[in-house]
Amino acid sequence: MPAILCFGEALIDFHPEGADTRGFPRAFVPFAGGGQANVAVGVARLGSMARFTGMLGQDRFGDFLVDQLACNGVDTRFVVRTQQAPTALAFVELDAHGERNFVFYRPPSADMLFRVEHFADAAFDECAFMHVCSLSMSEPGLAEATREGMRRAHRAGALVSFDLNLRPDRWRHVDDPRTVMWSGLELADVVKFSAEELAYLAGDDEAAFFGRLWHGCTRLLVVTDGAAPLRWFARDAEGVMPTYACEVVDSTAAGDAFVAGLLHALMRQEITASRFDDWLLDLQGIHATLRFAAACGALTVSRRGSFSALPDAGEVATFMDLQQ
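Residues numbered from 1 in each chain as written. Predicted model: local features only at pLDDT ≥ 70, side-chain atom pairs only at ≥ 80, totals over all residues. Heavy atoms only, no water.

As for the overall build of the chain
For clarity, the cut-off: Numbering of helices and strands starts at the N terminus; helices are DSSP runs of H or I of at least 4 residues and strands are runs of E of at least 2. Two things to know: the radius of gyration comes from C-alpha atoms, and the globule rule equals 2.2 Å times the number of residues to the power 0.38. Residue exposure (1.4 Å probe, protein chains only): buried if accessible area is under 20% of the type maximum, exposed if over 50%, otherwise partly exposed. Contact criterion: two residues are considered in contact whenever any of their non-hydrogen atoms come within 4.5 Å of each other. Using a 1.4 Å probe, accessible areas were evaluated by the Shrake-Rupley method; residue-level cover was limited to the displayed protein chains. By the counting rule applied here, Lys and Arg register as positive and Asp and Glu as negative, while His and the ends of each chain are not counted. By convention, the point assigned to a charge is CZ for Arg, NZ for Lys, CD for Glu and CG for Asp.
Helix and strand counts for the chain stand at ten helices and 14 strands. On C-alpha atoms alone, the chain measures out to a radius of gyration of 18 Å, which is about the 20 Å that the 2.2 N^0.38 rule sets for 324 residues. For the chain, the spread of C-alpha atoms along the principal axes amounts to about 55 × 45 × 40 Å. Among the 324 residues that make up the chain, the fraction classed as buried is 56%. For the chain, the proportion of contacts with a sequence separation of at least 24, taken over those separated by at least 6, is 71%. Accessible surface computed for the chain: about 13800 Å², of which carbon and sulfur atoms make up 52%. Distance between charge centres in the chain, computed from 28 positive and 43 negative side chains, equals 3 Å.

Observations regarding the packing of aromatic side chains
For any pair of aromatic rings, the description rests on two quantities: the centre-to-centre distance and the angle between the ring planes. We count it as follows: Side-chain rings of Phe, Tyr and Trp (the six-membered ring for Trp) are treated as a pair once their centres are within 6.5 Å; stacked means planes under 30 degrees apart, edge-to-face means over 60, and tilted covers the remaining angles. Should the NZ of a Lys or the CZ of an Arg lie within 6 Å of a ring centre and within 35 degrees of the ring normal, that charge is described as sitting over the ring.
A complete count under the given rule lists 14 aromatic pairs for this structure. Relative to Phe91, the ring of Phe14 has its centre 4.8 Å away and its plane inclined at 15 degrees; by these criteria the two rings are stacked. In this pair, Phe14 is assigned in strand E2 (residues 11-19) and Phe91 in strand E7 (residues 89-94), connecting sequence segments 77 residues apart. Using a relative accessible area of 10% as the deciding quantity, one classes Phe14 as buried. When the ring centre of Tyr200 is taken as origin, the NZ or CZ atom of Arg178, which lies over that ring, is 3.9 Å away. Over the aromatic face of Trp182 sits the side chain of Arg212, whose NZ or CZ is 4.0 Å from the ring centroid.

Looking at the pattern of salt bridges
Rules: Salt bridge, as used here, is a side-chain nitrogen of Lys or Arg placed within 4 Å of a carboxyl oxygen of Asp or Glu.
The final tally for this structure, using the stated rule, is 13 salt bridges. The partner of Glu144 in a salt bridge is Arg147, and the shortest N-O contact between them spans 3.2 Å. With Glu144 and Arg147 both in helix H3 (residues 140-155) and three residues apart, the pair spans about one turn of that helix. For Glu144, a relative accessible area of 32% translates into the label partly exposed. The salt bridge partner of Glu315 is Arg303, with a shortest N-O separation of 3.1 Å.

Comments concerning the packing of helix H7 (residues 254-268) against helix H9 (residues 283-301)
Any two packed helices are characterised by the angle at which their axes cross and by the distance between the axes. Keep this limit in mind: Here the axes come from fitting lines to C-alpha atoms, over the contacting stretch only for helices, and the angles between their N-to-C directions go from 0 to 180 degrees. By convention, the crossing between two helices is left-handed when the near helix turns anticlockwise from the far helix through less than a right angle, and right-handed when the turn is clockwise. Side-chain classes are defined by residue name, with Ala, Val, Leu, Ile, Met, Phe, Trp, Tyr, Cys and Pro counting as nonpolar, Asp, Glu, Lys and Arg as charged, and the others, Gly among them, as polar.
Closest axis-to-axis distance for the H7/H9 pair is 7 Å, and the angle between their directions is 145 degrees. Both H7 and H9 take part in a crossing whose hand is right-handed. Counting all contacts with H7, which are made through Ala254, Ala257, Phe258, Gly261, Leu262, His264, Ala265 and Leu266, the residues of H9 involved are Thr289, Leu290, Phe292, Ala293, Ala294, Cys296, Gly297, Thr300 and Val301. Here the contact of H7 with H9 is built from residues that sort into twelve nonpolar, five polar and no charged.

What about the side chain of Ser306?
Inspection of the secondary structure assignment puts Ser306 in the loop between H9 and helix H10 (313-323). Using a relative accessible area of 0% as the deciding quantity, one classes Ser306 as buried. The residues contacting Ser306, other than those within four sequence positions of it, are Asp13, His15, Ala32, Gly33, Asn38, Thr252 and Ala253.

Concerning the packing of H9 against H10
Stated formally: When an angle is under 35 degrees it counts as roughly parallel; over 145 it counts as roughly antiparallel; between 65 and 115 it counts as roughly perpendicular; any other value is oblique.
Two elements in contact, H9 and H10, have axes whose closest approach is 10 Å; the angle formed by their N-to-C orientations is 100 degrees. Considering their axes alone, H9 and H10 lie roughly perpendicular with respect to each other. In contact with Arg291, Phe292, Ala295, Cys296, Ala298 and Leu299 of H9, H10 contributes Glu315, Val316, Phe319 and Met320.

Treat this as a map of the structure, not an account of what it does.
Below, the structure written as C-alpha coordinates:
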(Lines give C-alpha, C1' and ligand atoms only; values in the text may rest on other atoms or scores of the structure.)
Protein backbone atom coordinates (compact mmCIF):
# COMPACT_ATOMS: atom_id res chain seq x y z
CA MET A 1 0.00 0.00 0.00
CA PRO A 2 1.37 3.48 -0.85
CA ALA A 3 2.46 5.54 2.14
CA ILE A 4 2.71 9.16 3.22
CA LEU A 5 6.18 9.93 4.56
CA CYS A 6 6.37 12.77 7.11
CA PHE A 7 9.79 14.21 7.84
CA GLY A 8 10.93 16.60 10.54
CA GLU A 9 9.70 17.60 13.94
CA ALA A 10 8.39 15.44 16.76
CA LEU A 11 8.45 16.97 20.23
CA ILE A 12 6.73 17.13 23.59
CA ASP A 13 4.10 19.86 23.95
CA PHE A 14 3.61 20.81 27.61
CA HIS A 15 0.10 22.22 28.12
CA PRO A 16 -0.80 24.25 31.21
CA GLU A 17 -3.22 22.80 33.72
CA GLY A 18 -4.89 24.73 36.51
CA ALA A 19 -3.79 28.13 37.80
CA ASP A 20 -2.78 29.67 41.07
CA THR A 21 -4.17 32.92 42.47
CA ARG A 22 -1.84 34.96 40.24
CA GLY A 23 -2.75 33.10 37.07
CA PHE A 24 0.39 30.96 36.76
CA PRO A 25 -0.13 27.31 35.74
CA ARG A 26 -0.07 24.84 38.59
CA ALA A 27 1.33 22.13 36.30
CA PHE A 28 2.28 21.39 32.71
CA VAL A 29 0.99 18.15 31.19
CA PRO A 30 3.06 16.48 28.42
CA PHE A 31 1.40 15.73 25.08
CA ALA A 32 3.07 14.06 22.12
CA GLY A 33 3.23 16.54 19.22
CA GLY A 34 5.35 18.33 16.64
CA GLY A 35 4.12 19.48 13.24
CA GLN A 36 5.19 16.61 10.99
CA ALA A 37 4.56 13.99 13.68
CA ASN A 38 1.04 15.40 14.05
CA VAL A 39 0.47 15.01 10.32
CA ALA A 40 1.72 11.41 10.41
CA VAL A 41 -0.66 10.56 13.26
CA GLY A 42 -3.52 12.43 11.57
CA VAL A 43 -2.99 10.45 8.37
CA ALA A 44 -2.83 7.13 10.22
CA ARG A 45 -5.96 7.89 12.25
CA LEU A 46 -7.85 8.62 9.05
CA GLY A 47 -6.86 5.24 7.63
CA SER A 48 -3.90 5.88 5.30
CA MET A 49 -0.45 4.40 5.76
CA ALA A 50 1.87 6.86 7.47
CA ARG A 51 5.62 6.83 8.07
CA PHE A 52 7.67 9.20 10.15
CA THR A 53 11.37 9.93 9.84
CA GLY A 54 13.33 12.38 11.95
CA MET A 55 15.73 12.38 14.88
CA LEU A 56 14.85 12.02 18.55
CA GLY A 57 17.02 12.01 21.64
CA GLN A 58 17.97 8.77 23.32
CA ASP A 59 15.91 9.81 26.34
CA ARG A 60 12.55 9.19 28.01
CA PHE A 61 10.85 11.88 25.94
CA GLY A 62 12.11 10.25 22.75
CA ASP A 63 10.86 6.87 24.01
CA PHE A 64 7.47 8.43 24.73
CA LEU A 65 7.20 9.90 21.22
CA VAL A 66 8.16 6.67 19.46
CA ASP A 67 5.63 4.80 21.58
CA GLN A 68 2.86 7.31 20.88
CA LEU A 69 3.57 7.34 17.14
CA ALA A 70 3.47 3.54 17.01
CA CYS A 71 0.34 3.32 19.17
CA ASN A 72 -1.39 5.60 16.69
CA GLY A 73 -0.50 3.40 13.73
CA VAL A 74 2.55 5.26 12.36
CA ASP A 75 5.48 3.30 10.94
CA THR A 76 8.44 4.29 13.13
CA ARG A 77 11.15 2.13 11.49
CA PHE A 78 12.84 5.23 10.09
CA VAL A 79 13.09 7.23 13.32
CA VAL A 80 16.75 7.95 14.15
CA ARG A 81 17.92 8.26 17.77
CA THR A 82 20.93 10.19 19.11
CA GLN A 83 22.71 10.80 22.41
CA GLN A 84 24.18 14.08 21.17
CA ALA A 85 21.13 16.20 22.05
CA PRO A 86 17.83 15.79 23.91
CA THR A 87 14.38 15.50 22.39
CA ALA A 88 12.81 18.90 21.72
CA LEU A 89 10.33 20.38 24.21
CA ALA A 90 7.76 23.16 23.80
CA PHE A 91 5.56 24.88 26.36
CA VAL A 92 2.15 25.91 25.04
CA GLU A 93 0.27 28.98 26.19
CA LEU A 94 -3.42 29.25 25.28
CA ASP A 95 -5.37 32.49 25.30
CA ALA A 96 -9.08 32.85 26.10
CA HIS A 97 -9.95 31.97 22.48
CA GLY A 98 -7.86 28.80 22.35
CA GLU A 99 -5.13 30.38 20.23
CA ARG A 100 -1.70 29.05 21.08
CA ASN A 101 1.76 30.47 21.58
CA PHE A 102 4.85 28.29 21.88
CA VAL A 103 8.00 28.67 23.96
CA PHE A 104 10.59 26.25 22.55
CA TYR A 105 13.43 24.74 24.56
CA ARG A 106 16.02 24.41 21.80
CA PRO A 107 18.63 24.54 20.29
CA PRO A 108 20.23 22.24 20.46
CA SER A 109 17.66 19.50 20.13
CA ALA A 110 17.88 16.11 18.51
CA ASP A 111 15.65 16.88 15.51
CA MET A 112 18.06 19.61 14.39
CA LEU A 113 20.90 17.08 14.02
CA PHE A 114 19.27 15.07 11.22
CA ARG A 115 21.45 15.03 8.08
CA VAL A 116 21.17 13.69 4.53
CA GLU A 117 22.92 10.44 5.44
CA HIS A 118 20.25 9.66 8.03
CA PHE A 119 17.58 9.04 5.38
CA ALA A 120 16.97 5.34 4.83
CA ASP A 121 16.44 4.34 1.21
CA ALA A 122 13.51 2.15 2.23
CA ALA A 123 11.65 5.18 3.64
CA PHE A 124 10.94 6.26 0.06
CA ASP A 125 9.73 2.86 -1.17
CA GLU A 126 6.09 3.01 -2.32
CA CYS A 127 5.95 6.60 -1.11
CA ALA A 128 3.03 8.51 -2.63
CA PHE A 129 3.56 11.76 -0.70
CA MET A 130 6.30 13.30 1.40
CA HIS A 131 5.33 16.05 3.84
CA VAL A 132 7.82 18.61 5.20
CA CYS A 133 7.80 21.98 6.90
CA SER A 134 9.96 25.11 6.90
CA LEU A 135 10.78 24.52 10.59
CA SER A 136 13.11 21.81 9.34
CA MET A 137 15.06 24.44 7.43
CA SER A 138 16.08 26.82 10.21
CA GLU A 139 19.52 25.17 10.56
CA PRO A 140 21.77 24.88 7.45
CA GLY A 141 22.59 21.16 7.63
CA LEU A 142 18.99 20.26 8.40
CA ALA A 143 17.78 22.55 5.61
CA GLU A 144 19.92 20.70 3.07
CA ALA A 145 18.63 17.37 4.41
CA THR A 146 15.07 18.64 3.95
CA ARG A 147 15.70 19.72 0.37
CA GLU A 148 17.48 16.46 -0.46
CA GLY A 149 14.58 14.51 1.03
CA MET A 150 12.18 16.43 -1.20
CA ARG A 151 14.35 15.71 -4.24
CA ARG A 152 14.56 12.02 -3.35
CA ALA A 153 10.79 11.86 -2.96
CA HIS A 154 10.37 13.32 -6.45
CA ARG A 155 12.85 10.80 -7.86
CA ALA A 156 10.78 8.06 -6.22
CA GLY A 157 7.68 9.37 -8.04
CA ALA A 158 6.05 10.96 -4.99
CA LEU A 159 4.33 14.32 -4.62
CA VAL A 160 5.79 16.67 -2.01
CA SER A 161 3.68 18.63 0.49
CA PHE A 162 5.04 21.73 2.27
CA ASP A 163 3.59 23.61 5.25
CA LEU A 164 5.30 26.91 6.03
CA ASN A 165 4.27 26.72 9.74
CA LEU A 166 5.83 30.09 10.50
CA ARG A 167 7.49 30.45 13.92
CA PRO A 168 9.47 33.74 13.87
CA ASP A 169 11.38 32.89 17.07
CA ARG A 170 12.92 29.90 15.33
CA TRP A 171 14.51 32.16 12.69
CA ARG A 172 16.08 34.92 14.79
CA HIS A 173 19.60 33.75 13.90
CA VAL A 174 18.93 33.81 10.13
CA ASP A 175 19.44 37.08 8.23
CA ASP A 176 16.83 36.38 5.55
CA PRO A 177 14.48 33.48 6.42
CA ARG A 178 12.44 34.02 3.25
CA THR A 179 15.37 32.99 1.07
CA VAL A 180 15.71 29.70 2.92
CA MET A 181 11.95 29.11 2.92
CA TRP A 182 11.76 29.69 -0.82
CA SER A 183 14.47 27.08 -1.41
CA GLY A 184 12.08 24.48 0.00
CA LEU A 185 8.89 26.01 -1.32
CA GLU A 186 10.14 25.77 -4.90
CA LEU A 187 10.47 21.97 -4.51
CA ALA A 188 6.89 21.42 -3.26
CA ASP A 189 3.90 20.28 -5.33
CA VAL A 190 1.26 21.00 -2.66
CA VAL A 191 1.62 23.97 -0.30
CA LYS A 192 -0.39 24.98 2.74
CA PHE A 193 -0.18 28.50 4.23
CA SER A 194 -2.13 30.47 6.77
CA ALA A 195 -3.27 33.93 5.67
CA GLU A 196 -0.58 35.40 7.94
CA GLU A 197 2.08 33.27 6.26
CA LEU A 198 0.96 34.30 2.78
CA ALA A 199 1.23 37.95 3.82
CA TYR A 200 4.70 37.29 5.26
CA LEU A 201 6.04 35.87 1.99
CA ALA A 202 4.01 37.87 -0.53
CA GLY A 203 3.96 41.27 1.16
CA ASP A 204 1.92 43.76 -0.86
CA ASP A 205 2.50 42.05 -4.20
CA GLU A 206 0.61 38.76 -4.43
CA ALA A 207 0.93 38.81 -8.23
CA ALA A 208 4.72 38.73 -8.01
CA PHE A 209 4.54 36.03 -5.36
CA PHE A 210 2.38 33.79 -7.54
CA GLY A 211 4.51 34.50 -10.57
CA ARG A 212 7.50 33.11 -8.69
CA LEU A 213 5.55 30.25 -7.09
CA TRP A 214 4.31 28.82 -10.38
CA HIS A 215 7.87 28.79 -11.77
CA GLY A 216 8.74 26.10 -9.22
CA CYS A 217 7.15 22.70 -8.68
CA THR A 218 4.05 24.02 -6.93
CA ARG A 219 0.71 23.17 -8.51
CA LEU A 220 -1.68 23.75 -5.58
CA LEU A 221 -1.60 26.33 -2.77
CA VAL A 222 -4.20 26.31 0.02
CA VAL A 223 -4.46 29.33 2.33
CA THR A 224 -6.40 28.90 5.59
CA ASP A 225 -7.55 31.73 7.84
CA GLY A 226 -9.08 30.27 10.98
CA ALA A 227 -12.87 30.38 10.80
CA ALA A 228 -12.78 32.66 7.73
CA PRO A 229 -13.19 31.15 4.24
CA LEU A 230 -10.13 29.42 2.88
CA ARG A 231 -8.60 30.25 -0.49
CA TRP A 232 -7.05 27.83 -2.96
CA PHE A 233 -4.93 28.52 -6.01
CA ALA A 234 -3.78 26.41 -8.94
CA ARG A 235 -1.85 27.62 -11.97
CA ASP A 236 -5.01 28.11 -14.03
CA ALA A 237 -7.77 28.37 -11.42
CA GLU A 238 -8.57 29.58 -7.93
CA GLY A 239 -11.44 29.55 -5.51
CA VAL A 240 -12.83 30.47 -2.09
CA MET A 241 -14.58 28.04 0.26
CA PRO A 242 -16.38 28.46 3.58
CA THR A 243 -15.12 26.53 6.59
CA TYR A 244 -16.98 25.07 9.57
CA ALA A 245 -18.20 27.03 12.57
CA CYS A 246 -16.97 25.47 15.81
CA GLU A 247 -15.91 26.33 19.34
CA VAL A 248 -12.13 26.70 19.56
CA VAL A 249 -10.69 24.99 22.63
CA ASP A 250 -7.11 24.50 21.47
CA SER A 251 -5.75 25.38 18.01
CA THR A 252 -2.37 23.67 18.54
CA ALA A 253 -2.62 21.00 15.82
CA ALA A 254 -5.31 22.54 13.60
CA GLY A 255 -3.11 23.19 10.57
CA ASP A 256 -1.52 19.75 10.84
CA ALA A 257 -4.96 18.12 10.97
CA PHE A 258 -5.94 20.05 7.84
CA VAL A 259 -2.83 18.82 6.01
CA ALA A 260 -3.43 15.24 7.17
CA GLY A 261 -7.01 15.42 5.88
CA LEU A 262 -5.88 16.86 2.55
CA LEU A 263 -3.20 14.21 1.99
CA HIS A 264 -5.47 11.36 3.12
CA ALA A 265 -8.23 12.52 0.77
CA LEU A 266 -5.78 12.66 -2.14
CA MET A 267 -4.59 9.14 -1.27
CA ARG A 268 -8.15 7.85 -1.20
CA GLN A 269 -8.63 9.23 -4.71
CA GLU A 270 -5.39 7.55 -5.81
CA ILE A 271 -3.91 10.86 -6.91
CA THR A 272 -0.34 10.38 -8.09
CA ALA A 273 2.23 12.72 -9.60
CA SER A 274 1.11 11.70 -13.09
CA ARG A 275 -2.61 12.24 -12.29
CA PHE A 276 -2.30 15.43 -10.28
CA ASP A 277 -2.67 17.94 -13.12
CA ASP A 278 -5.82 16.22 -14.37
CA TRP A 279 -7.27 16.21 -10.85
CA LEU A 280 -6.70 19.97 -10.61
CA LEU A 281 -9.17 20.41 -13.47
CA ASP A 282 -11.94 18.84 -11.36
CA LEU A 283 -13.32 21.75 -9.32
CA GLN A 284 -15.90 19.54 -7.60
CA GLY A 285 -13.16 17.14 -6.53
CA ILE A 286 -11.00 19.98 -5.22
CA HIS A 287 -13.86 21.40 -3.19
CA ALA A 288 -14.84 18.02 -1.72
CA THR A 289 -11.22 17.34 -0.75
CA LEU A 290 -10.79 20.73 0.92
CA ARG A 291 -14.10 20.40 2.77
CA PHE A 292 -12.88 17.12 4.22
CA ALA A 293 -9.58 18.71 5.24
CA ALA A 294 -11.42 21.65 6.82
CA ALA A 295 -13.60 19.25 8.82
CA CYS A 296 -10.46 17.57 10.18
CA GLY A 297 -9.14 20.96 11.29
CA ALA A 298 -12.46 22.00 12.85
CA LEU A 299 -12.75 18.82 14.90
CA THR A 300 -9.18 19.18 16.12
CA VAL A 301 -9.58 22.72 17.48
CA SER A 302 -12.63 21.60 19.46
CA ARG A 303 -10.50 19.52 21.83
CA ARG A 304 -7.22 19.72 23.68
CA GLY A 305 -3.82 18.37 22.75
CA SER A 306 -1.88 17.43 19.62
CA PHE A 307 -1.92 13.69 18.77
CA SER A 308 -4.82 13.31 21.18
CA ALA A 309 -6.95 15.90 19.36
CA LEU A 310 -6.69 14.43 15.85
CA PRO A 311 -9.88 12.78 14.54
CA ASP A 312 -10.46 9.43 12.89
CA ALA A 313 -12.41 8.94 9.66
CA GLY A 314 -15.64 8.01 11.42
CA GLU A 315 -15.62 11.19 13.51
CA VAL A 316 -15.02 13.30 10.42
CA ALA A 317 -17.86 11.61 8.51
CA THR A 318 -20.29 12.13 11.40
CA PHE A 319 -19.24 15.75 11.82
CA MET A 320 -19.71 16.50 8.12
CA ASP A 321 -23.13 14.81 8.06
CA LEU A 322 -24.28 16.94 10.99
CA GLN A 323 -23.14 20.13 9.23
CA GLN A 324 -25.28 19.55 6.13
